[in-house]
Amino acid sequence: MGEYKKPLIVIAGPTACGKTDSSILLAQKIGGEIISADSMQVYKYMDIGTAKIKKDEMKGIKHYLIDEFYPDEEFNVKIFQEKVKNYINLIYEKDKIPILVGGTGFYINAIVYDNNFMLSNGVSYRDNLEKEAQKYGNEYLYNKLKAIDPEYASGVHYNNVKKVIRALEFYYQTGKKLSEHNEEQNKNQSPYNTAFFILNMERETLYERINRRVDIMIENGLVDEVRNLIKMGYSPELVSMQGLGYKEIVPYIQGKTTLDAAIDEIKQKTRHFAKRQLTWFRNKTDGQWLDVTGESPQYICDKMFDYIKYKGVV
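In this text, all values refer to a predicted model and were calculated from it rather than measured experimentally. (Residues numbered from 1 in each chain as written. Predicted model: local features only at pLDDT ≥ 70, side-chain atom pairs only at ≥ 80, totals over all residues. Heavy atoms only, no water.)

**As for the overall build of the protein**
Point 1. Scanning the protein from terminus to terminus reveals 13 helices and six strands.
Point 2. Seen along its three principal axes, the alpha-carbon backbone of the protein occupies a region of about 55 × 50 × 35 Å.
Point 3. Out of the 314 residues belonging to the protein, those deemed buried represent 47%.
Point 4. Summarising the internal contacts of the protein: among those between residues at least 6 apart in sequence, 75% fall at separations of at least 24.
Point 5. In the form shown here, the protein has an accessible surface area of approximately 15800 Å², with 47% of it arising from carbon and sulfur atoms.
Point 6. Here the protein contributes 44 positively and 43 negatively charged side chains, and the mean placements of these two sets differ by 2 Å. (Helix = DSSP H or I, 4+ residues; strand = E, 2+ residues; numbered from the N terminus. Buried < 20%, exposed > 50% of the residue type's maximum accessible area, 1.4 Å probe, protein only. Contact = heavy atoms within 4.5 Å. Areas by Shrake-Rupley, 256 points an atom, 1.4 Å probe, with all protein chains shown as cover. Lys, Arg positive; Asp, Glu negative; His and termini not counted. Charge placed at Lys NZ, Arg CZ, Asp CG, Glu CD.)

**Notes on the layout of surface pockets**
Point 1. Put simply, the second largest pocket is a space of about 240 Å³.
Point 2. Looking at the second largest pocket, it is lined by 13 residues, and the ones nearest its centre are Thr194, Ala195, Phe196, Asp286 and Lys311.
Point 3. With four residues, strand S5 (residues 193-200) is the largest single contributor of residues to the lining of the second largest pocket. (1 Å grid on protein atoms, 1.4 Å probe; cavity = no way out; pocket = protein on both sides within 12 Å on 5 of 7 lines; lining within 4 Å. Points joined across faces, edges and corners; volume = space filled by probe spheres on them.)

**Description of the side chain of Thr50**
Point 1. On the secondary structure map, Thr50 appears in the loop between strand S2 (32-36) and strand S3 (63-64).
Point 2. Classification of Thr50 by relative accessible area gives buried; the value is 9%.
Point 3. Apart from residues lying up to four places away in sequence, Thr50 is in contact with Met40, Gln41 and Tyr246.

**Points about the pairing of strand S1 (residues 7-12)**
Point 1. Burial analysis of S1 places six of its six residues in the buried class, the great majority of the element.
Point 2. The alternating pattern of S1 places Pro7, Ile9 and Ile11 and Leu8, Val10 and Ala12 on opposite faces, both of which are buried.
Point 3. In terms of strand pairing, S1 meets S5 through six bridges, oriented parallel. Bridging across to S5, Leu8 finds its partner in Thr194. (Pairing = 2+ DSSP bridges.)

**Some remarks on the packing of helix H9 (residues 203-219) against helix H12 (residues 259-284)**
Point 1. Between H9 and H12, whose axes approach to 10 Å, the crossing angle comes to 140°. Classified by the interaxial angle, the pair formed by H9 and H12 is oblique. In this structure, H9 meets H12 at a crossing whose hand is right-handed. Listed contacts from H12 to Arg203, Leu206, Tyr207, Ile210, Asn211, Val214, Asp215 and Ile218 of H9 are Ile263, Ile266, Lys267, Thr270, Arg271, Ala274, Lys275 and Leu278.
Point 2. Grouping the amino acids of the contact of H9 with H12 by side-chain chemistry returns nine nonpolar, two polar and five charged. (Axes fitted to C-alpha atoms, helices over the stretch in contact; angles between N-to-C directions. Parallel < 35°, antiparallel > 145°, perpendicular 65-115°, else oblique. Left-handed = near helix turned anticlockwise from the far one by under 90°. Nonpolar A, V, L, I, M, F, W, Y, C, P; charged D, E, K, R; others polar.)

**Here's the deal with the nonpolar core**
Point 1. Judged by nonpolar contacts, the single largest core of 47 residues is most densely connected at Ile35, Leu65, Phe80, Leu100 and Ile108.
Point 2. In terms of residue count, helix H2 (residues 77-93) provides more of this core than any other element does, seven residues in total.
Point 3. Discounting chain neighbours no more than four positions away, the residues touching Leu65 are Ile35, Ser36, Gln41, Val42, Phe75, Phe80, Lys83, Val84 and Tyr87.
Point 4. Ranked by size, the runner-up nonpolar core spans 32 residues in total, among them Ile11, Ile66, Met201 and Leu290. (Core = buried A, V, L, I, M, F, W, Y, C linked by side-chain atoms within 4.5 Å.)

This is how it looks when you write it as structure tokens:
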């Protein structure tokens, strides 16, 4: 008999595909609590542009890793992993089932496969890279990464200097590409008895939902949210402020573009992002795909529940 593994439910998929509502219904049905696997919803004051769930929408289900960091605080996959492991144990102590929900696939895999992100302390090399970025610009550093690890570079924005430096540092210390390291890690056996769902829908429907969601964000005051963040002293150069929906509004606030142009750019980039998310999940995970086109959250919940029972996860 194999070793006993504790249950973990994962609900992943592209932005705007209906993860939130179905995850709450499932949590109610199986006695679960939800941990967000979203690299933007962790930030305080960033509610509209991240489509952050509101208190009354949680239907009494406890949510973790939402509103836990200030926009200028460091947040990365290693911090995410430490936090989530603690929350998973906390949820087990309550005799509840942890449900990891989000679209940041790299973060999700860090939990499902318990990837190792330990790095020795290469402070002097890191300092040199930071100085190079200041002296020659972020793209200079990014091009260095592209030369040694194009696969990893393709998933990172050149302004995300911390990620670029981390990948260069990893290569410097180990002689290995970070993309290869992550690939190996993903072959690890999961320490959990996992039911891993990837929600998907017809491309056209998904894109319509994304466009509508962006319109709603604008109606709900996204421009004022970005304006307030800047007034509070949060620089547009911060990793958090480079997030989709924030980065594109800044030029409008600065008078460099029109609101219509900014909205179109958010929609286009979000559609591209959703496409990249789906490609990532297809290539890097071993999940159960669910076509949820036109389906209600209750239908999705019931489908997931049937599979969880069938697989003996709970």
